[in-house]
Protein chains: 2
Amino acid sequence: MDLSVVFVGTAGSVPTARRGLPATLIRRGGDRILVDCGEGTQRQLIRSVGLTDLDVVFLTHLHVDHWLGLPGMIKSFELRDRDRPLTVYGPKGTEEAMRAMRVVTGRPRFGLTVVDLEKFEEIDFGDYVITAIPARHRIEAFGYALVEDDRPGRFDAELATARGVTPGPDFGRLQRGETVNGVAPEEVVGPDRHGRRVVLSGDTAPCDPIRIAAEGADLLVHEATFTEDERERAMQTAHSTARQAALLAEEADVRMLALTHVSTRYGGREIKDEARATFPNTVVPRDFDVIEVPFPEKGEPSLVRDGARPAPA
Amino acid sequence: MDLSVVFVGTAGSVPTARRGLPATLIRRGGDRILVDCGEGTQRQLIRSVGLTDLDVVFLTHLHVDHWLGLPGMIKSFELRDRDRPLTVYGPKGTEEAMRAMRVVTGRPRFGLTVVDLEKFEEIDFGDYVITAIPARHRIEAFGYALVEDDRPGRFDAELATARGVTPGPDFGRLQRGETVNGVAPEEVVGPDRHGRRVVLSGDTAPCDPIRIAAEGADLLVHEATFTEDERERAMQTAHSTARQAALLAEEADVRMLALTHVSTRYGGREIKDEARATFPNTVVPRDFDVIEVPFPEKGEPSLVRDGARPAPA
């Protein structure tokens, strides 16, 4: 099951020539989940992976740089005769904000549902959940944790064969927990393995709920609006410095840290250098970069630069 | 006095990878006038001429692809501590739409004035006016005509000298209409010359008011959403085909025709070829292209491709 994160817009509150306003696309199998949707996100999608027919949008908070692209995108879905319904989740006030945007969107024919989430509320996607993690910002803000269900343990086919089980349907029975020819499943199937975990912090000062949600995560996407020389300002505005994000990643022991929400004052390198001094496996994605998140036994998370992919048609 | 038109966004209702949503910047001397402001316009400006401190925005009509970039741009002006006031003009309903957007913009500290214009209402900019020309669209829509005041006629310095006037202050007196040493101004100063005229159609089916406003214009920026094979659809949606725009340009005898609001189905070449068969001096600007509009005696209007200018820093 493929799992990847596309960095659709990596700027802070104001866009730059290189960085669009906040938007991150999670792709898992056929699911397309957008987290935040700053102004211009529909075009950022068109310029990269296409104007994906998203099923779900999660908003981290209601500062306008994080959601003002939503009304226009909904309008474009209408123009494209979309018929799949769309659900928008966000903190308290999301429903009210989207209601105020009806002057723009009307009531879309495809069916738009808007849901205000509670802290730690969990949305079930079948074999994974997405949970709203309370972040620490100037207004109510959530990070989101995508956590896959545990997977069955590793099946030792060689050992099972040696114990006299014939490869074929009997292997499946053992893996589903049945005893076969006196061989118990726990003899040839290892303990359950954790599913993958991807956590996005949204806008936040360093905080415990995000750190706890990120424990052992395969990928933590954390904001790093500032560097340490602006630590005071980061505190005042309830944002994080690159070093703070790196410390949190280290404490949470994540596999990879991706920093985003970069202030216009930085090119990206200062952010990366500062974070790597504390947490070496840090990347600062550019717009349209992708991080692939394989199962641990298949390899490490890796950043694929936009330039490495073919240009959109 | 420099006069140029920057094509900030040249798409129709949905953006493409290459074309942003509608926005056109008129630069005259130090004045910066934006006509329409589709979603993403602030970033298009940042990617080209910079997030200009506009004094005035004119909206052609209230379809969202033409104004949804305004709330976010106003928000960014606030973040940049702008203090110059901003006036937004548009057809009836503009004030109401901007009032509905207060959930996004609040009441900007720099002072935002929104004015619903009447048909043919004229805004005076000192030595030029901008007039709201009623277009023909599915909802009330304006084109805008920028018309400079007449300029004094050409002064024949050689003739004046031959008639015994001394170069210097006396030349100025003649040009201001005083008789000097028995030489009457009309003997050495030609008739008043027309100022320049730039007309933007906004979204419209071909219509008389735009044609009349464009009579002898230096530049007509006209929409061409479709080609002739979609003429029926153009009629139904109250848009124009490239050929229709070219015919109108020919009848109005403009110096140059620039086509914009190109539907996603076209690359631009089909639009250009179709129009040029009728009106050869047609261009189809790409985003960030600029048309310079000199006084007629200084040269022809000319399209400067974005690539010909240095990349923004």
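Residues numbered from 1 in each chain as written. Chains lettered and ligands numbered in written order. Predicted model: local features only at pLDDT ≥ 70, side-chain atom pairs only at ≥ 80, totals over all residues. Heavy atoms only, no water.

A look at the packing of helix H10 (residues 242–252) of chain A against helix H11 (residues 269–276) of chain A
Residues and elements named next belong to chain A.
Link 1 in the chain: At their nearest, the axes of H10 and H11 sit 8 Å apart, and the two run at 40° to each other. When the axis of H10 is compared with that of H11, the two are oblique. Along this stretch, H10 crosses H11, giving a crossing that reads as right-handed. Residues Ala242, Arg243 and Ala246 of H10 lie in contact with H11, whose contacting residues are Ile271, Glu274 and Ala275. (Axes fitted to C-alpha atoms, helices over the stretch in contact; angles between N-to-C directions. Helix = DSSP H or I, 4+ residues; strand = E, 2+ residues; numbered from the N terminus. Parallel < 35°, antiparallel > 145°, perpendicular 65-115°, else oblique. Left-handed = near helix turned anticlockwise from the far one by under 90°. Contact = heavy atoms within 4.5 Å.)

Here's the deal with the domain arrangement of chain A
Link 1 in the chain: As assigned here, chain A comprises domain 1 (3–151 + 193–310) and domain 2 (157–188).
Link 2 in the chain: Of note, the centres of domain 1 of chain A and domain 2 of chain A, computed from C-alpha atoms alone, are 42 Å apart. (Domains from an automatic or database assignment.)

What to know about the relation of the copies chain A and chain B
Link 1 in the chain: Overlaying chain A with chain B gives an RMSD of 0.1 Å, the required rotation being 180° about an axis along which the chain moves by 0.0 Å. Interpreted geometrically, this transformation is the action of a two-fold axis. Considering only C-alpha atoms, the part of chain A nearest the rotation axis is A:Gly40, at 2.4 Å. (Least-squares fit on C-alpha atoms with pLDDT ≥ 70 in both.)

Things to note about the UniProt feature "active site" (unreviewed entry) in chain A
Link 1 in the chain: Feature annotation in UniProt places "active site" (unreviewed entry) on A:Asp65, given in this structure's numbering.
Link 2 in the chain: Residues in contact with A:Asp65, not counting those within four places in the same chain, are A:Gly12, A:Ser13, A:Leu21, A:Pro22, A:Gly38 and A:His261. (UniProt positions renumbered as here; feature names shortened; annotations may be inferred.)

Thoughts on the pattern of salt bridges
Residues and elements named next belong to chain B.
Link 1 in the chain: Taken as a whole and assessed by the stated rule, the structure comprises 42 salt bridges over all chains.
Link 2 in the chain: With its nearest N and O atoms 2.8 Å apart, the salt bridge here joins Glu148 to Arg196. With Glu148 in strand E9 (residues 142–148) and Arg196 in the loop between helix H7 (185–188) and strand E10 (197–200), this residue pair connects regions lying 48 residues apart in the sequence.
Link 3 in the chain: Looking at Arg196, the relative accessible area reads 2%, which means it is buried. (Salt bridge = Lys/Arg side-chain N within 4 Å of Asp/Glu carboxyl O. Buried < 20%, exposed > 50% of the residue type's maximum accessible area, 1.4 Å probe, protein only.)

What to know about the packing of aromatic side chains
All names here are of chain B.
Link 1 in the chain: The full count for this structure, using the stated rule, is 14 aromatic pairs over all chains.
Link 2 in the chain: Geometrically, the ring pair formed by Phe125 and Tyr128 is stacked, given 4.9 Å between the ring centres and 5° between the ring planes.
Link 3 in the chain: Each ring, one from Phe155 and one from Phe171, has its centre 4.9 Å from the other, and the planes form 70°; the classification is edge-to-face. With Phe155 in the loop between E9 and helix H5 (157–162) and Phe171 in helix H6 (residues 169–175), the pair connects residues that are 16 residues apart, well separated along the chain. (Phe/Tyr/Trp six-rings, centres within 6.5 Å; stacked < 30°, edge-to-face > 60°.)

Re the interface of chain A and chain B
Link 1 in the chain: Taken together, the contact between chain A and chain B spans 32 residues of the former and 32 residues of the latter.
Link 2 in the chain: Counting the surface lost from both chain A and chain B, the interface buries some 2300 Å², and carbon and sulfur atoms represent 65% of this.
Link 3 in the chain: A per-residue breakdown of the area chain A buries against chain B is headed by A:Ala17, A:Glu39 and A:Arg43, which together make up 26% of the total.
Link 4 in the chain: For the pair chain A and chain B, the number of links is twelve residue pairs in polar contact (both at pLDDT 80 or more).
Link 5 in the chain: Of all the secondary structure elements, the ones that give two or more residues to the side of chain A that touches chain B are helix H1 (41–47), helix H2 (70–79) and helix H4 (102–105) of chain A.
Link 6 in the chain: Broken down by class, the residue content of the side of chain A that touches chain B amounts to 15 nonpolar, ten polar and seven charged. (Buried area = accessible area lost by both parts, 1.4 Å probe. Polar contact = N/O pair within 3.5 Å; in protein donor to acceptor, adjacent residues only side chain to side chain. Nonpolar A, V, L, I, M, F, W, Y, C, P; charged D, E, K, R; others polar.)

Some thoughts on the sheet that holds strand E2 (residues 23–28) of chain A
All names here are of chain A.
Link 1 in the chain: Pairing is mixed across the open sheet formed by eight strands, whose spatial order is E6-E5-E4-E3-E2-E1-E14-E15. Each edge of the open sheet carries a strand with a single partner, namely strand E6 (112–116) and strand E15 (302–304). Pairwise comparison of adjacent strand axes, ignoring direction, gives a mean angle of 20° for this sheet.
Link 2 in the chain: Relative to E2, strand E1 (residues 3–9) runs antiparallel, the two sharing six bridges. Within E2, the position partnered with Phe7 by the bridge is Thr24.
Link 3 in the chain: Its contacts with the sheet put H2 on strand E3 (31–35), strand E4 (56–58), strand E5 (86–90) and E6, and the angle it makes with E5 is roughly 170°. (Pairing = 2+ DSSP bridges.)

So, the UniProt feature "binding site: Zn(2+) 2" (unreviewed entry) in chain A
Residues and elements named next belong to chain A.
Link 1 in the chain: The residues that UniProt annotates with the feature "binding site: Zn(2+) 2" (unreviewed entry) are Asp65, His66, Asp203 and His261. Taken along the chain, the residues just named run across 197 residues; in space they keep tight, none of their C-alpha pairs more than 11.0 Å apart.
Link 2 in the chain: Tracing the backbone shows Asp203 in the loop between strand E10 (197–200) and helix H8 (208–213).
Link 3 in the chain: Apart from residues lying up to four places away in sequence, Asp203 is in contact with His61, His66, Ala135, Arg136, His137, Ala141, Glu223, His239 and His261.
Link 4 in the chain: Within the structure, Asp203 has its side chain in polar contact with the side chain of His61 (distance 3.4 Å).
Link 5 in the chain: Relative to the helices and strands, His261 is located in the loop between strand E12 (257–260) and H11.
Link 6 in the chain: Overall, the relative accessible area of 5% leaves His261 in the buried class.

Some words on the sheet that holds strand E2 (residues 23–28) of chain B
Where strands meet in a sheet, backbone hydrogen bonds hold them as pairs that are either parallel or antiparallel.
Residue and element names in this part refer to chain B.
Link 1 in the chain: Taken in spatial order, the eight strands line up as E6-E5-E4-E3-E2-E1-E14-E15 in an open sheet, and their pairing is mixed. Where the open sheet ends on each side, the last strands, each with one partner, are strand E6 (112–116) and strand E15 (302–304). Pairwise comparison of adjacent strand axes, ignoring direction, gives a mean angle of 20° for this sheet.
Link 2 in the chain: In this sheet, strand E14 (residues 290–292) lies alongside strand E1 (residues 3–9) in antiparallel orientation, the contact comprising three bridges. Across the sheet, the residue bridging to Val6 is Val290, located in E14.
Link 3 in the chain: Together, strand E3 (31–35), strand E4 (56–58), strand E5 (86–90) and E6 form the strand contacts of helix H2 (residues 70–79), whose direction differs from that of E5 by roughly 170°.

Some remarks on the side chain of A:Asp287
Link 1 in the chain: The residue A:Asp287 is located in the loop between strand E13 (282–283) and strand E14 (290–292) in this model.
Link 2 in the chain: On the accessibility criterion, A:Asp287 (7% relative accessible area) is buried.
Link 3 in the chain: Within the local environment of A:Asp287, its side chain forms a polar contact with the backbone nitrogen of A:Gly20, the two atoms lying 2.6 Å apart.
Link 4 in the chain: In this structure the side chain of A:Asp287 is engaged in a polar contact, spanning 2.9 Å, whose partner is the side chain of A:Gln44.
Link 5 in the chain: Other than its neighbours up to four places away in sequence, A:Asp287 contacts A:Phe7, A:Val8, A:Gly9, A:Thr10, A:Arg18, A:Arg19, A:Gly20, A:Gln44, A:Asp306 and B:Arg43.

Here's the deal with the side chain of A:Thr260
Link 1 in the chain: With respect to the secondary-structure elements, A:Thr260 resides in strand E12.
Link 2 in the chain: A:Thr260 has contacts with A:Gly9, A:Thr10, A:Val221, A:His222, A:Glu223 and A:Ala224, leaving out every residue within four places of it along the chain.

Remarks on the pairing of strand E8 (residues 128–134) of chain B
Residue and element names in this part refer to chain B.
Link 1 in the chain: Where burial is concerned, most of E8 is hidden: seven out of the seven residues are buried.
Link 2 in the chain: Here E8 shows a buried face lined by Tyr128, Ile130, Ala132 and Pro134 and a second buried face lined by Val129, Thr131 and Ile133.
Link 3 in the chain: In the sheet, strand E7 (residues 122–124) pairs with E8 via three bridges, with the strands oriented antiparallel. Bridged to Glu122 within E8 is Thr131.

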